[in-house]
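Tertiary structure, described
Residues per chain, in single letters:
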Amino acid sequence: MKWLLFIVFSMGVCYSQQARLEIYPLTMGFYVFTTYGEFKDQLFPANGMYVVTNNGVVMIDTPWDTSQTRPLLDSIEKKHQLPVLMCISTHFHDDRTAGVNILRQKGIKTFCSMLTFENGKKAGEKLPEFLFYSDTTFQIGGIKFQTFYPGKGHTSDNIVVWFPDARVLYGGCFIKSRDAKGMGNLADADINEWPHSIKKTIRKFKSPQYVIPGHEGWYDKKALQHTLRLIKAEIKILKKKD
Ligand SMILES: [Zn+2]
C-alpha cells in the first residue's frame, strides 16, 4: 500500500509539471477548456469556453498557458471541422488574454471592452484587436449571446457573457467556483463594490443552467450566490485586520 501511494504521488507530481490542456463538453455545442498557470508558486487551473455555431467557433477567453493555444485550436479544428471566428476576453488579466496574439496570427478576431483594453494597456498585458464600448449582443451562426458589464468586482473591467438559449452564464473571474476556498487574486479587485455587482447579475440572469467561473469546477448553478458569501466573509476578515 505504501508503495502504491508513493507511485500515485510521484505520478501526480510529474503530471502537474507538464503543460496541460483539458476540454470538457458542457451542453450541446458548449465546451469548457482548462489550462494551467502559476499563482503563488503553484500551478493553478483557469477555465475558458468555446461554443460551436453553424458558421464557426466562438471562444470566450484564451488559454492562460500560451503553449496550449495552438493545441486548443488544432483540437477544435479536428473535432468540429470549423474555424474559430472570434474570441472575447472577459477582463485584462493574462489568464484571459495571454493567447490573443496567437489567435490574431491565425486570423481570429479578438474582442474586449474598451475598459479592458485601457486596463490591459496600463498593465502591459496582451491586447485584443476589436473593442466594444457598451454591452453588446452578438448573433453568430444561429447562436445569440450578450456581454454584460455588472460593475466592479475581480477587476474594474470584468464582464460576463450570457447565452440565453442554453442559459449558460460565463462569468470568468468575476464568479468564484464552489470549489474556491478564498478570493484568489485580489490585486485589482474592488471588494466593496463586488457584492452589488453580483446582486445585479443575479437579478439580470434568472435561473441559469450553467455558471462558468474563471477557475476550478463549474457544477454549481448557484456559484453567484456562493461568490457573494465568499466576498462577505472576506470583507469581515479585512475589517478585523483594520
Ligand atoms: Zn482569473
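Refer to the structure above for everything that follows.
Everything in this summary refers to the structure shown in the same document. In this text the structure is predicted, and so the values were computed from the model without any measurement.

This next bit is on helix 7 (residues 223-241). With 19 residues, helix 7 ought to run about 27 Å at 1.5 Å a step, and its terminal C-alpha atoms sit 27 Å apart, in line with that. Within helix 7, burial applies to Ala223, Leu224, Thr227, Leu230 and Ile231. Projected down its long axis, helix 7 carries its buried residues within an arc of 115 degrees, all on one side. Exposed and facing more than 90 degrees away from the buried side of helix 7 are Lys232, Ala233, Lys236, Lys239 and Lys240. If you follow the buried residues of helix 7, they end up packed against strand 11 (168-172), helix 6 (194-204) and strand 12 (210-213).

Before going further, it helps to spend a moment on the sheet that holds strand 3 (residues 42-52). Across the sheet, which stays open at both edges, the 7 strands sit in the order 1-2-3-4-5-6-7 with mixed pairing between neighbours. Strand pairing shows two members of the sheet lacking a second neighbour, strand 1 (21-27) and strand 7 (130-132), which therefore form its edges. With strand direction ignored, the average angle separating the axes of adjacent strands in the sheet is 25 degrees. Relative to strand 3, strand 2 (residues 30-39) runs antiparallel, the two sharing 10 bridges. Bridged to Phe39 within strand 3 is Gln42. Packed onto the sheet, helix 2 (residues 69-80) meets strand 1, strand 2, strand 3, strand 4 (57-60) and strand 5 (84-88) and runs at close to 45 degrees relative to strand 1. Lying on the sheet, helix 5 (residues 114-123) is in contact with strand 6 (109-113) and strand 7; it crosses strand 6 at an angle near 95 degrees.

The rules behind the values
- Residues numbered from 1 in each chain as written.
- Predicted model: local features only at pLDDT ≥ 70, side-chain atom pairs only at ≥ 80, totals over all residues.
- Helix = DSSP H or I, 4+ residues; strand = E, 2+ residues; numbered from the N terminus.
- Expected span 1.5 Å × (residues − 1).
- Buried ≥ 20, exposed ≤ 12 C-beta atoms within 10 Å, placed from the backbone.
- Arc of directions from axis to C-beta.
- Contact = placed C-beta atoms within 7 Å.
- Pairing = 2+ DSSP bridges.
- Axes fitted to C-alpha atoms, helices over the stretch in contact; angles between N-to-C directions.

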